[in-house]
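The lines below spell out each chain.
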Amino acid sequence: MSNQKPRVRFAPSPTGQLHVGNARTALYNWLFAHHHGGDFLLRIEDTDVERSEIRYEDQLMEDLRWLGLNWTEGPEVGGPHGPYRQSERLDIYSQHTERLLDDGKAYRCFCTTAELDAERAQAIREHKPQIYSGKCRAIDAETSQRRAAAGEPSAIRLRIPDAPLRFHDMVRGEVEFASDTISDPILVRSSGVPVYNYVVTVDDALMKITHVIRGDDHISNTPKQVAIYQAFGWSVPQFAHLSTILGSDRERLSKRHGATSISSFREMGILPEALTNYLALLGWGAEDGKTETFTLDELTREFKLERVTSSPAIFDFDKLHWLNRHYLKLATPERILDLAWPYFAAKNLLPPRSNASDALLQWFGNLVALVLPSVDTLQQLPEKTSFVFARDTTTAQADPENAALLNTDSARRVLQAFALRVRAAATVTPEQFKLWMNEIKAETGIKGKDLFHPVRIALTGAHSGPEFDKLIPLIEEGSRLPLPTPIFSILQRVNRFQSSFDSSSVAEV
Ligand code: GLU
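An account of the accompanying structure is given in this report. What you see is a predicted model; the values in this text were computed from it and never measured.

**Thoughts on the overall build of the protein**
In step 1: Scanning the protein for helices and strands turns up 22 helices and 11 strands.
In step 2: For the protein, the C-alpha radius of gyration of 33 Å lies well beyond 23 Å, the compact-globule estimate for 509 residues.
In step 3: Along the longest, intermediate and shortest principal axes, the C-alpha atoms of the protein span 110 × 50 × 45 Å.
In step 4: Out of the 509 residues belonging to the protein, those deemed buried represent 48%.
In step 5: Long-range pairs, those at least 24 residues apart, make up 73% of the contacts in the protein between residues at least 6 apart in sequence.
In step 6: Surface exposure of the protein reaches about 24300 Å², of which carbon and sulfur atoms provide 50%.
In step 7: Between the mean site of the 58 positive side-chain charges and the mean site of the 66 negative ones, the protein shows a separation of 2 Å.

Here you go:
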């Protein structure tokens, strides 16, 4: 690489949610810039006024910031090459169009849609490439000027030179398109709206972009852009086209494969560092061929475009979950508590965070710490804590596996003996619990699974779960906390369970 400080940009169109493909493009640009001490710009490509929406623009900026991909030039931060929204640069494009027309590098095309359709139909009949014939190229400047001044609608087309269009791609090597496969591209539609290929080139040149790193869905646009650079006499940047991201069925990744937008991953409780780590691995791998966990700093040090592969990357949700579990383990308890809270509040299991007492914070922290190792995403936490929050004991009995464990004489004896003790004591401690279970074991001769499973089902609704030592204080302390959905104490659980258990066993006789 030359000594020139690289300048790269991420240039999304705010027409929808930021999804993994574009986020990876943003990340690779960001990493490339930071690895080489260069600049990372954000430019909003909102010339499609029908489809562009400010809410998408806001969302994508929020998503980028959440991922840690801050820009040093762009909307909200400004910079010397602004404005950074294409809708605010229309004058710049018009001035450049005038320049191309004056230099004879572009020409007005007066062909109507009907004429162009007829041309295309004929090309199909003759099995020729369906490209514009170049009919209006021959109109001399004076006539062209006169017709335009008389109000005849015209598009502006670039005069493509009659030579193959080549560029070097940093991921794919040499790419060449024969000029007869490319029509003279439209730069400005007859409506006056400049097209993507044109504005992107003008902007990249004026913003002094040195490397264009983007998705390979743009590879067929690149020769047209190269031709535009050449028409202006601008130096052509380096290009790198990133491979497509596929789902596990090797079809282009889409909503039907599951979540694909950055905000949906955030909502489900994927940590940003897990997502950036995962996105980095979608098409790039470490030098040592084995390390898979990288912080953004580590990625910045390691990332090299030369190691980006041109073969399609397959999105693997299991691997993303694996990385998320890795980063959940590394996160501080305070951060986890902050992030986990809203999932519980949304289900009315916790009050708004601002109303939380220290006792509640402490209790919730312990609860989350207990189940955190068993979740892939934070969204799964409420379900994993159902042993504390569950209020319906009858469903536990309906579950066939539970029913088989409960529907025995030994289970009934254990539960009766247990209920007797809980009712006498009212509250339960882990020490007390241990003593009681030993007593019941001695008294009934029932042990192991037959002894513990029925009690666990009665208390939690499931035959497996955390150790009783941890479980009991969480239930008892939880039941004393003022919660929007109160937690049943062990006594309440035993009473409710016994009454439904007794009536169901009676019904069976
Ligand atoms: N606005 C284009 C897109 O979102 C940008 C393409 C480019 O990077 O040149 O696909």
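Past the structure itself, the notes keep going.
**Quick look at the sheet that holds strand 4 (residues 155-158)**
In step 1: Pairing is antiparallel in the open sheet, where 3 strands are placed in the order 3-4-7. At either end of the open sheet lies a strand with only one pairing partner, and these are strand 3 (106-109) and strand 7 (186-188). On average, each strand axis in the sheet is inclined to that of its neighbour by 40 degrees, with strand direction left out of account.
In step 2: As paired elements, strand 4 and strand 7 share 2 bridges and run antiparallel to each other. Looking at strand 7, one finds that Ile-156 is bridged to Val-188.
In step 3: Sitting on the sheet, helix 3 (residues 90-102) is in contact with strand 3, strand 4 and strand 7, with an inclination near 100 degrees to strand 3.

**Considering the packing of helix 9 (residues 272-281) against helix 11 (residues 317-330)**
In step 1: One can describe the packing of helix 9 onto helix 11 by two numbers: an axis separation of 8 Å at closest approach and a directional angle of 140 degrees. The angle between helix 9 and helix 11 places the two elements in the oblique class. Of the two elements, helix 9 crosses helix 11, and the hand of that crossing is right-handed. Listed contacts from helix 11 to Glu-273, Ala-274, Leu-275, Asn-277, Tyr-278 and Leu-281 of helix 9 are Lys-319, Leu-320, Leu-323, Asn-324 and Tyr-327.
In step 2: Along the lines of polarity and charge, the residues of the contact of helix 9 with helix 11 split into 7 nonpolar, 2 polar and 2 charged.

**What to know about the pairing of strand 2 (residues 39-42)**
In step 1: Taking every second residue as pointing to the same face, both faces of strand 2 are buried, with Asp-39 and Leu-41 on one and Phe-40 and Leu-42 on the other.
In step 2: Of the pairings in the sheet, the one linking strand 1 (residues 7-10) to strand 2 comprises 4 bridges and is parallel in character. Pairing of Arg-7 across the sheet is with Asp-39, part of strand 2.
In step 3: Since strand 1 and strand 2 lie parallel, the crossover through helix 1 (residues 20-35) that links them has a hand, and here it is right-handed.

**Brief notes about the nonpolar core**
In step 1: Core analysis: the largest hydrophobic core is formed by 109 residues, its most contacted members being Trp-284, Trp-363, Phe-364 and Phe-418.
In step 2: Sort the elements by how many residues they give to this core and helix 1 lands first, with 9 residues.
In step 3: Those residues in contact with Trp-284 that sit more than four places away from it in its chain are Tyr-28, Phe-294, Leu-299, Glu-302, Phe-303, Lys-304, Arg-307 and Val-308.

**Digging into the side chain of His-321**
In step 1: By the element assignment, His-321 lies in helix 11.
In step 2: In this structure His-321 comes out as buried when scored by relative accessible area, which is 17%.
In step 3: Leave out the neighbours within four places in its chain, and His-321 touches Ile-270, Asp-376 and Thr-377.

**Considering the packing of helix 18 (residues 409-425) against helix 20 (residues 448-460)**
In step 1: Close contact between helix 18 and helix 20 brings their axes to 9 Å; oriented N to C, the two are set at 65 degrees. Where helix 18 crosses over helix 20, the handedness of that crossing is right-handed. Together, Ser-410, Ala-411, Val-414, Leu-415 and Phe-418 of helix 18 and Asp-450, Leu-451, Pro-454, Val-455, Ala-458 and Leu-459 of helix 20 make up the contact between the two elements.
In step 2: For the contact of helix 18 with helix 20, the per-class residue count stands at 9 nonpolar, 1 polar and 1 charged.

**So, the environment of Phe-32**
In step 1: Tracing the backbone shows Phe-32 in helix 1.
In step 2: Taking the relative accessible area as the measure of exposure, Phe-32 reaches 2% and is therefore buried.
In step 3: In this structure the C-alpha to C-alpha distance between Phe-32 and Glu-302, which are 270 residues apart in sequence, comes to 9.9 Å.

What counts, and where the lines are drawn
- Residues numbered from 1 in each chain as written.
- Predicted model: local features only at pLDDT ≥ 70, side-chain atom pairs only at ≥ 80, totals over all residues.
- Heavy atoms only, no water.
- Helix = DSSP H or I, 4+ residues; strand = E, 2+ residues; numbered from the N terminus.
- Rg over C-alpha atoms; globule rule 2.2 N^0.38 Å.
- Buried < 20%, exposed > 50% of the residue type's maximum accessible area, 1.4 Å probe, protein only.
- Contact = heavy atoms within 4.5 Å.
- Areas by Shrake-Rupley, 256 points an atom, 1.4 Å probe, with all protein chains shown as cover.
- Lys, Arg positive; Asp, Glu negative; His and termini not counted.
- Charge placed at Lys NZ, Arg CZ, Asp CG, Glu CD.
- Pairing = 2+ DSSP bridges.
- Axes fitted to C-alpha atoms, helices over the stretch in contact; angles between N-to-C directions.
- Parallel < 35°, antiparallel > 145°, perpendicular 65-115°, else oblique.
- Left-handed = near helix turned anticlockwise from the far one by under 90°.
- Nonpolar A, V, L, I, M, F, W, Y, C, P; charged D, E, K, R; others polar.
- Right-handed = clockwise from strand over helix to strand, strands pointing away.
- Core = buried A, V, L, I, M, F, W, Y, C linked by side-chain atoms within 4.5 Å.

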